[in-house]
Amino acid sequence: MYHRWESKVLIYFCASTFNNVILNHFFKSALLIIFLCRLSPWSVQAQSFETNTILISEIFPDPTPSLGLPEKEFVEIYNLTKDTVLLAGFSICDESKCYTLPPFKFPPNNFIILCKNTDIDVFKPYGTVVGLPSFITLNNDGDHIYLKNKQDKTTHEMRYTSSMVKEGKTLE
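For the structure given in this document, a descriptive report is provided here. (Residues numbered from 1 in each chain as written. Predicted model: local features only at pLDDT ≥ 70, side-chain atom pairs only at ≥ 80, totals over all residues. Heavy atoms only, no water.)

**A closer look at the pattern of salt bridges**
- For the structure shown, the criterion picks out four salt bridges.
- Among the ionic pairs, Lys124 bridges to Asp121, the shortest N-O distance being 3.6 Å. Assigned by exposure class, Lys124 and Asp121 land together as exposed.
- Of the charged contacts, one joins Lys148 and Asp152 as a salt bridge, the two residues approaching to 2.7 Å between their closest N and O atoms.
- Using a relative accessible area of 15% as the deciding quantity, one classes Lys148 as buried. (Salt bridge = Lys/Arg side-chain N within 4 Å of Asp/Glu carboxyl O. Buried < 20%, exposed > 50% of the residue type's maximum accessible area, 1.4 Å probe, protein only.)

See below:
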């Protein structure tokens, strides 16, 4: 029985053909596999599976021109755990700055949208929103976005390049 997974192993399995033996032996949830496979285009550092409990699931670096979503940047995160996680002490960061998240109780297996306080109302129709007084800038020419936990350790990160950014479309 494996207790720790490396991201490279997860990506390898995502690229492989799954069969019932692998699903039953290595993973408890097909949903988890699908979610992790969606991450494969991003550059993921080799980290233990337990580290990746709060994941960056979607970003919106170039919101104009709008194709249906508000013309505001956001980062969506996902709580992969079965527990409510208190976000007090967590930070969302880019290559130039980190911003501390408020003491929000993040329910298990849920998404939340992180944005500026001034943009909360425009994102409410799309789900649970947590606003910050200041927010990272998602550069259209590429960036390195990461989450840090209360112990100041990176829990999840992603890099994207200008070739991945499309006007008015999110990156998932």
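**Focus: the sheet that holds strand 1 (residues 54-59)**
- Reading across from one edge, 1-2-7-8 is the order of the four strands in this open sheet, with mixed pairing throughout. Taken across any chain shown, the strands that pair with only one partner, and hence form the sheet edges, are strand 1 and strand 8 (129-132). On average, each strand axis in the sheet is tilted by 30° relative to the strand beside it, whichever way the strands run.
- Across four bridges, strand 2 (residues 75-79) lies against strand 7 (residues 111-116) in antiparallel orientation. Its bridge partner lying in strand 7, Ile77 is registered against Ile112. (Pairing = 2+ DSSP bridges. Helix = DSSP H or I, 4+ residues; strand = E, 2+ residues; numbered from the N terminus. Axes fitted to C-alpha atoms, helices over the stretch in contact; angles between N-to-C directions.)

**Quick notes on the side chain of Glu58**
- With respect to the helices and strands, Glu58 occurs in strand 1.
- Under the relative-accessibility criterion, Glu58 is labelled buried at 11%.
- Polar contacts involving the side chain of Glu58 include one to the side chain of Thr170, which spans 2.7 Å.
- Contact partners of Glu58, with chain neighbours within four places excluded, come to Phe74, Val75, Glu76, Thr170, Leu171 and Glu172. (Polar contact = N/O pair within 3.5 Å; in protein donor to acceptor, adjacent residues only side chain to side chain. Contact = heavy atoms within 4.5 Å.)

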